[in-house]
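Chain residues, written in single-letter form:
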Protein chains: 2
Amino acid sequence: MSQSIDALETPCIIVDLDKAEANLKRAQDYADANGVHLRPHIKTHKLPSFARRQVELGAIGITCQKLGEAEVMADAGIEDIFLPYNLIGVEKLHRLRRLAERVKLAVTADSAFVIDGYGRAFADSSLPLVVLVECDTGMGRAGVQTPEEAVTLARRIDATPGLTFGGIMTYPATGKAAEARIWLDTAVAALTAAGLPPRIVSTGGTPDLWHAHETAAATEYRPGTYIYLDRFQVEKGVGTIDDCALTVLTTVVSRPNDNRAIVDAGSKSLTSDLLGMSGYGQLLGYPEAVIAGLSEEHGTIDLSASKEKPAIGERVHILPNHVCPVVNLFDRVHLVSKGRVVRTEVVAARGRVD
Amino acid sequence: MSQSIDALETPCIIVDLDKAEANLKRAQDYADANGVHLRPHIKTHKLPSFARRQVELGAIGITCQKLGEAEVMADAGIEDIFLPYNLIGVEKLHRLRRLAERVKLAVTADSAFVIDGYGRAFADSSLPLVVLVECDTGMGRAGVQTPEEAVTLARRIDATPGLTFGGIMTYPATGKAAEARIWLDTAVAALTAAGLPPRIVSTGGTPDLWHAHETAAATEYRPGTYIYLDRFQVEKGVGTIDDCALTVLTTVVSRPNDNRAIVDAGSKSLTSDLLGMSGYGQLLGYPEAVIAGLSEEHGTIDLSASKEKPAIGERVHILPNHVCPVVNLFDRVHLVSKGRVVRTEVVAARGRVD
């Protein structure tokens, strides 16, 4: 028997199943029509059920950012996992080896140090570990800085017993897909010339999702946020507010004066992520309201520009700025359809920091 | 048998037990010497063991910000809990009633709406619920805006069967303790004149901890962060970096170029809280390093001003900007003494959003 949203305690996460499904299908349809392979990043939802649904709809596998997330997804029956992270340390490499024995797995490296660690862990493995070289194509994060370095590391992987060179991977900076394309084309050419043509060229990110087909060199694309979308993705034009599938349901617990409302969602529910925007999320139904400040358990809303103002006790939905870390703050999510709670799921890969 | 810190996987939380104990004792000694009653806020550590230790050292009870936290602490044997929050909604009020049946409990209200909810929930209770009026003495968050409003609500509480007026409560804005003092003095005088002298005048916050004795009207003080301290509290002069008891242990997973290091702690470990500071924490041992950016699982460190630079694979400690929400991101903390892990505890009150 389904439950009304009105019976849920706040703050809590509400996921509109129909919108999430529509977002997944829209992306998969686009990918299918354009010959793009999707390998969704599960960091956004952290739910086995949605990972399975993504694969069911046509994804070639999933992406996880942490070993702990990959272990949860393997436990849930996902069979093809990409873990684009430099894994370092004896215990992590043990875990990686065990994981590689039960799922199709690929990882990344951007240094000889990391490659040599993988080599030690897989030296006596009957199944070689697939290692891609991470490339910094403009994000300014991890990754080799030049295509020449990519060739050097590809050679090292290729020469290491227990490892096999899988290709290259990048997370392109938002809005810098064009620079990333040039970088990848140059690297593919250099690797091919070196006799190590990359089998996989992995790129991605939701902000540039609808341009995925423009990266001719790519063999797979790794969007994450597209399943739920959020205020940042709406600002980037990936979808509309109405497409956003996840909101934080919260209660107005105080109206200290005419221009201020306090809700029971603070930084422990919404995070302090601004992503360059103004305000800590968007109060739905009150377009002029500004979520001006957050304490851990209080959200302070400036209503001075609002004609309509929510009353004490009113339950309001907030669209988060950045949905992924919000999901990581809640043990459970409520999956709803047409205003009724269809089921409540444990966020199985929440808090998997290592 | 104790474990070496070197065997822990990263990222993880390390709490130096000796420093935490020294911080607790220093505050309790100060309180005892100055006739101040401490009612520590457990939102910082979220651990039953430390809550018990705080009471053992002389705290008159604890403070929790959410009902879920208070339930965890009651389960752990804490007997006196203050919950300074407007609790709204049928299910929450049911839970509150159940909680009040097993511990000494007080809550707050800043509106007739909230008081009337408490009244309905406790109308037939043999033990009245203690309700304090929350006062906004400069924080700009919840709370009545004037001492006159405090009197109005105190009268309403007093007139409501099932409730008893307990006093007033404020969270003074950091550095605005003086304004808060004037506000409280005025409110105490007005309430006394109205025949409702407040039994409890509760204030607090770690930034102004060492000035607690200057608020003559206060009967209790609610510091939270003082147990661990953090970069913000050091900046406020509450303690030194060496007094800070909690760090995030992380591994350098990439050194893409000479001036950049990437660690495996991002916003999912450190939060995006800046609290007006520059950088997302402090890399201990590398004073000129700047934690310039965070993705969810990557911390990007700018080493351009650093003479010494950490190597790939090196394990480094980061002092968080704001320790409370960091604790909320980890399922476990490692409690260490003299470099050895004494025990690992589950953060029992983590994620209690409601």
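Note that the structure is predicted; figures quoted are calculated from it, not measured. (Residues numbered from 1 in each chain as written. Chains lettered and ligands numbered in written order. Predicted model: local features only at pLDDT ≥ 70, side-chain atom pairs only at ≥ 80, totals over all residues. Heavy atoms only, no water.)

## Here's the deal with the overall build of chain A
Heads up, the condition is: Elements are defined by DSSP. Helices are runs of H or I of four residues or more, strands are runs of E of two residues or more, and each kind is numbered from the N terminus. Within these notes, the globule rule equals 2.2 Å times the number of residues to the 0.38 power, and the radius of gyration is based on C-alpha atoms. When a residue's accessible area, from a 1.4 Å probe over protein chains only, is under 20% of the maximum for its type it is buried; when over 50% it is exposed; and in between it is partly exposed.
When helices and strands are counted, chain A shows ten helices and 17 strands. For a compact globule of 354 residues, the expected C-alpha radius of gyration is about 20 Å, and chain A comes in at 22 Å, within 12% of that figure. Counting only C-alpha atoms, chain A reaches 70 × 40 × 35 Å along its principal axes. Each of the 354 residues in chain A was classed as buried or not, and the buried ones make up 64%.

## So, the packing of helix α3 (residues 67-75) of chain B against helix α4 (residues 90-100) of chain B
Residues and elements named next belong to chain B. For clarity, the cut-off: For helices, the axis comes from a line fit to the C-alpha atoms of the stretch in contact; other axes are also lines fit to C-alpha atoms, and the angle between any two N-to-C directions lies between 0 and 180 degrees. Throughout this description, any angle smaller than 35 degrees is read as roughly parallel, any larger than 145 degrees as roughly antiparallel, any in the 65 to 115 degree range as roughly perpendicular, and the remainder as oblique. Crossings are assigned a handedness: left-handed for a near helix turned anticlockwise from the far helix by less than a right angle, right-handed for a clockwise turn. By the convention used here, residues are in contact when the closest approach between their heavy atoms is within 4.5 Å. Three residue categories are used. Nonpolar comprises Ala, Val, Leu, Ile, Met, Phe, Trp, Tyr, Cys and Pro, charged comprises Asp, Glu, Lys and Arg, and polar comprises the others, including Gly.
Running from N to C, α3 and α4 point in directions that differ by 25 degrees, and their axes come no closer than 11 Å. Judged by the angle between their axes, α3 and α4 are roughly parallel. Considering only the axes of α3 and α4, their crossing is left-handed. Together, Leu 67, Gly 68, Ala 70, Glu 71 and Ala 74 of α3 and Lys 92, Arg 95, Leu 96 and Leu 99 of α4 make up the contact between the two elements. Grouping the amino acids of the contact of α3 with α4 by side-chain chemistry returns five nonpolar, one polar and three charged.

## Here's the deal with the sheet that holds strand β6 (residues 129-135) of chain A
Backbone hydrogen bonds hold the strands of a sheet together, and the pairing may be parallel or antiparallel. All names here are of chain A. Defined as follows: In this scheme, strands are said to pair when DSSP sees at least two bridges between them.
Reading across the sheet, the seven strands line up as β3-β4-β5-β6-β7-β8-β9 and stay open at both edges, with parallel pairing between neighbours. Each edge of the open sheet carries a strand with a single partner, namely β3 (62-63) and β9 (220-221). As judged from the four bridges shared by strand β5 (residues 104-109) and β6, these two strands associate in the parallel manner. Bridge assignment links Thr 108 to a residue of β6, and that residue is Leu 132. In the packing of helix α6 (residues 147-159) onto the sheet, the strands contacted are β5, β6 and β7 (163-170), and the crossing angle to β6 comes to about 170 degrees.

## A short note on the packing of aromatic side chains
Residues and elements named next belong to chain A. Formally: Between rings of Phe, Tyr and Trp, where Trp is taken as its six-membered ring, a pair exists when centres lie within 6.5 Å; planes separated by under 30 degrees are stacked, by over 60 edge-to-face, and by other angles tilted. When the NZ atom of lysine or the CZ atom of arginine is within 6 Å of a ring's centre and also within 35 degrees of its normal, the charge is said to sit over that ring.
Scanning the model with the defined rule gives four aromatic pairs over all chains in all. Centroid distance Tyr 30 to Trp 210: 5.3 Å. Interplanar angle 90 degrees. Geometry classified as edge-to-face. Pair noted here: Tyr 30 is in helix α1 (residues 17-34) and Trp 210 is in the loop between β8 (200-203) and β9, with a separation of 180 residues, a long-range link. Over the face of the ring belonging to Phe 122 we find Arg 97, whose NZ or CZ atom lies 5.7 Å from the ring centre.

## Some remarks on the pattern of salt bridges
So the rule is basically this: Salt bridges are counted wherever a side-chain nitrogen of Lys or Arg sits within 4 Å of a carboxyl oxygen of Asp or Glu.
Taken as a whole and assessed by the stated rule, the structure comprises 58 salt bridges over all chains. With a closest N to O distance of 3.8 Å, A:Lys338 and A:Asp18 form a salt bridge. Of this pair, A:Lys338 sits in the loop between β16 (332-337) and β17 (340-346) while A:Asp18 is found in helix α1, placing the two residues 320 residues apart along the sequence. Exposure remark for A:Asp18: the relative accessible area of 36% places this residue in the partly exposed category. Measuring nitrogen to oxygen at the nearest pair gives 3.4 Å for the salt bridge that ties B:Arg95 to B:Asp354. Of this pair, B:Arg95 sits in helix α4 while B:Asp354 sits in the segment after β17 (340-346), and the two are 259 residues apart along the sequence.

## Points about the UniProt feature "domain: D-serine dehydratase-like" (unreviewed entry) in chain A
Under the convention used in this document: UniProt positions are given in the numbering used here, feature names are shortened, and annotations may be inferred rather than shown by experiment.
In this numbering, the UniProt entry assigns the feature "domain: D-serine dehydratase-like" (unreviewed entry) to residues 245-337 of chain A. Helix and strand shares over residues 245-337 of chain A are 10% and 41% respectively, and the end C-alpha atoms of the span are 11 Å apart.

## Here's the deal with the domain arrangement of chain A
All names here are of chain A. Keep this limit in mind: Where each domain begins and ends is defined by an automated method or by a domain database. Once two parts are joined, some of their accessible surface, as seen by a 1.4 Å probe, is lost; buried area is that loss totalled over both. Polar contact is defined as a pair of N or O atoms within 3.5 Å, subject to the rule that within protein one atom must be able to donate a hydrogen and the other to accept it, and that residues adjacent in sequence are counted only when both atoms are side-chain atoms.
Along its sequence, chain A is organised into domain 1 (17-228) and domain 2 (233-346). Taking only C-alpha atoms into account, the centre of domain 1 sits 32 Å from that of domain 2. Tallying the contact residues gives 20 residues for domain 1 and 21 residues for domain 2. Between domain 1 and domain 2, roughly 1,800 Å² of surface is buried when both sides are summed, and carbon and sulfur atoms account for 59% of that area. Summed over the three residues of domain 1 that lose the most area to domain 2, namely Leu 17, Lys 19 and Tyr 228, the buried surface amounts to 34% of that side. For the interface between domain 1 and domain 2, the tally reads three salt bridges. Ionic pairing is found between Arg 26 and Asp 243, a salt bridge with its closest N-O pair at 3.7 Å. Summed over the shared surface of domain 1 and domain 2, the number is seven residue pairs in polar contact (both at pLDDT 80 or more).

## What to know about the relation of the copies chain B and chain A
What counts is decided by this rule: Superposing copies: least-squares fit, C-alpha atoms only, residues required to have pLDDT of at least 70 in both.
Once chain B is rotated about the relating axis by 180 degrees and shifted along it by 0.0 Å, it coincides with chain A to within an RMSD of 0.0 Å. Look at the turn and shift together and you get a two-fold axis relating the two. Proximity to the rotation axis, assessed at the C-alpha, singles out B:Ser272 in chain B; its C-alpha lies 2.7 Å from the axis. A symmetric contact is evident, with 100% of the interface residues of chain B recurring at the interface of chain A.

## Here we look at helix α7 (residues 177-193) of chain A
Residue and element names in this part refer to chain A. This is how the line gets drawn: Under the convention used throughout, the expected extent of a helix is 1.5 Å for every residue step, that is, one less than its residue count. Arc, as used here, means the arc of the directions from the helix axis to the C-beta atoms.
Helix length check: α7, at 17 residues, gives a terminal C-alpha distance of 24 Å against a target of 24 Å (1.5 Å per residue), a fit within 8%. Of all the positions in α7, only Ala 177, Ala 180, Arg 181, Trp 183, Leu 184, Ala 187 and Leu 191 are classed as buried. Along the axis of α7, the buried residues cluster in a sector spanning 165 degrees; they form a single face. Turned more than 90 degrees away from the buried face of α7 sit Ile 182 and Ala 193, all of them exposed. Tucked inside the fold, the buried residues of α7 contact β6, α6, β7 and β8.

## A few points about empty space enclosed by the protein
With a probe scaled to a water molecule rolled over the atoms, the places where space remains empty come into view. Selection rule: The method works on a 1 Å grid over the protein atoms by themselves. A cavity is a set of points holding a 1.4 Å probe that cannot get out, a pocket is an open set with protein on both sides within 12 Å along at least five of seven lines, and residues with an atom within 4 Å of a point line them. Grid points are joined across faces, edges and corners, and a volume is the space filled by probe spheres set on the points.
The final tally for this structure, using the stated rule, is ten cavities of 30 Å³ or more. Looking at the largest cavity, its volume works out to about 140 Å³. As for the largest cavity, its lining consists of 16 residues, and the residues nearest its centre are A:Ser267, A:Thr271, A:Leu329, B:Thr271 and B:Leu329. Counting only elements with at least two residues in the lining of the largest cavity, the list comes to α9 (267-270) of chain A together with α9 (267-270) of chain B. Grouping the amino acids of the lining of the largest cavity by side-chain chemistry returns four nonpolar, eight polar and four charged.

## Things to note about the environment of A:Ser4
Residue and element names in this part refer to chain A. Structurally, Ser 4 is set in strand β1 (residues 3-4). Using a relative accessible area of 21% as the deciding quantity, one classes Ser 4 as partly exposed. For the pair formed by Ser 4 and Lys 338, sequence separation is 334 residues and the distance between their alpha carbons is 9.9 Å. Here the side chain of Ser 4 touches Asp 6 through a polar contact of 3.0 Å, landing on its backbone nitrogen.

## Here we look at the interface of chain B and chain A
Tallying the contact residues gives 57 residues for chain B and 57 residues for chain A. Both faces considered, chain B and chain A share a buried interface measuring about 4,600 Å² in area, 48% of it formed by carbon and sulfur atoms. Connecting chain B to chain A are 14 salt bridges. The salt bridge partner of B:Arg350 is A:Asp331, with a shortest N-O separation of 3.0 Å.

## Notes on the side chain of B:Thr206
Residues and elements named next belong to chain B. The topology assignment puts Thr 206 in the loop between β8 (200-203) and β9 (220-221). A polar contact of 3.1 Å, which involves the side chain of Thr 206, links it to the backbone nitrogen of Thr 225. Sequence-distant contacts of Thr 206, defined by excluding residues within four places in its chain, comprise Pro 223, Gly 224, Thr 225, Tyr 226, Leu 229, Gln 233 and Val 238.

## Points about α6(A)
The end-to-end C-alpha distance of α6(A), which contains 13 residues, comes to 18 Å, matching closely the 18 Å that a straight helix rising 1.5 Å per residue would cover. Against the buried residues of α6(A) lie β5, α5 (112-122), β6, β7 and α7 of chain A.

## Comments concerning the nonpolar core
Test applied: Here, the term nonpolar core denotes a set of buried Ala, Val, Leu, Ile, Met, Phe, Trp, Tyr and Cys residues that are joined through side-chain atoms within 4.5 Å.
Residues A:Val15, A:Phe50, A:Tyr228, B:Val15, B:Phe50 and B:Tyr228 are the most contacted members of the largest nonpolar core, which totals 92 residues. Once residues within four sequence positions are removed from consideration, A:Tyr228 is found in contact with A:Val15, A:Asn23, A:Thr44, A:His45, A:Leu47, A:Phe50, A:Asp243, A:Cys244, A:Ala245, A:Leu246, A:Val323 and A:Val327. Membership of the second largest hydrophobic core comes to 53 residues, among which are B:Tyr85, B:Leu105, B:Phe165 and B:Ala349.

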